Amino acid sequence: WTMTGANGRDHLAADLQGFAFDLDLTATKPAALHNGNGYVEFGAAGGSYYYSRTRMDVNGVLTVDGQALAVHGEAWMDHQWGDFIQVGGGGWDWFSVQLTSGWDLTISVVRDEDRDMVTAYGTLIDPDGGTTHLDATDIDVQVLDEWTSPHTAATYPSAWRITLPEHDWSLTVRPSMADQELQTQETTGVIYWEGEVIVEGAVDGQAVDGLGYVELTGYATSEAPSLPSLSR
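Residues numbered from 1 in each chain as written. Predicted model: local features only at pLDDT ≥ 70, side-chain atom pairs only at ≥ 80, totals over all residues. Heavy atoms only, no water.

### Observations concerning the pattern of salt bridges
- The final tally for this structure, using the stated rule, is three salt bridges.
- The partner of Lys 29 in a salt bridge is Asp 104, with the nearest N and O atoms 2.7 Å apart. Of this pair, Lys 29 sits in the loop between strand 3 (19-27) and strand 4 (32-33) while Asp 104 sits in strand 9 (residues 104-111); the two residues are 75 residues apart in sequence, bridging distant segments of the chain. Like Lys 29, the residue Asp 104 is buried in the burial classification.
- Residue Arg 55 pairs with Asp 104 through a salt bridge whose shortest N-O separation is 2.7 Å. (Salt bridge = Lys/Arg side-chain N within 4 Å of Asp/Glu carboxyl O. Helix = DSSP H or I, 4+ residues; strand = E, 2+ residues; numbered from the N terminus. Buried < 20%, exposed > 50% of the residue type's maximum accessible area, 1.4 Å probe, protein only.)

Here you go:
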């Protein structure tokens, strides 16, 4: 595996048994600095530097069982680092959304070891790359459904309604398939859910749709948290 590049231009390549890819990525929006200046405070737990490139054109070659296919798509790149791991002792729910209208959205809901919400924050990114910070009072995330893994017996939220009342956003987010659980005990030491979601809803009264990605941690434990509902 190789990852090279900087400043919005990257190259990703991998060659595995029966599978390979060689991809070039080019950002089409400026980097979105979260929390306005790219630094998210977690109080006594520290903080993290955090930015995203929410739209990156992808071009390259995907090879499956020896057959090479030219591919084109769109990617999202997150970069977060700092002394923030301890703040997510109870796990977190992370959402990213790319609407066909050109708007993007990311939301993080973070829980402590007692399963209480520590913080919630997010960023709206307009089609030109301008950003608007969202704090917990701007965000309402409600769970609509759940899914229990046949592999680990962990129960995860599996559909959500995301509302941004001050911005007139209402989105329904559902997995493209339920089973996107990852068992990474031999590498990260955790089991979690991470995968593609389908997005539909309304912004300013107009119908919208798009794709997204959700990451759920902290559910595959002996004391799984109750399904979260973050309300104003």
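### A short note on the layout of surface pockets
- Taken as a whole, the second largest pocket spans an internal volume of roughly 530 Å³.
- Secondary structure elements with two or more residues in the lining of the second largest pocket: strand 1 (2-6), strand 2 (9-16), strand 3, strand 6 (47-64) and strand 7 (67-82).
- Class assignment of the residues belonging to the lining of the second largest pocket gives a composition of 13 nonpolar, one polar and two charged. (1 Å grid on protein atoms, 1.4 Å probe; cavity = no way out; pocket = protein on both sides within 12 Å on 5 of 7 lines; lining within 4 Å. Points joined across faces, edges and corners; volume = space filled by probe spheres on them. Nonpolar A, V, L, I, M, F, W, Y, C, P; charged D, E, K, R; others polar.)

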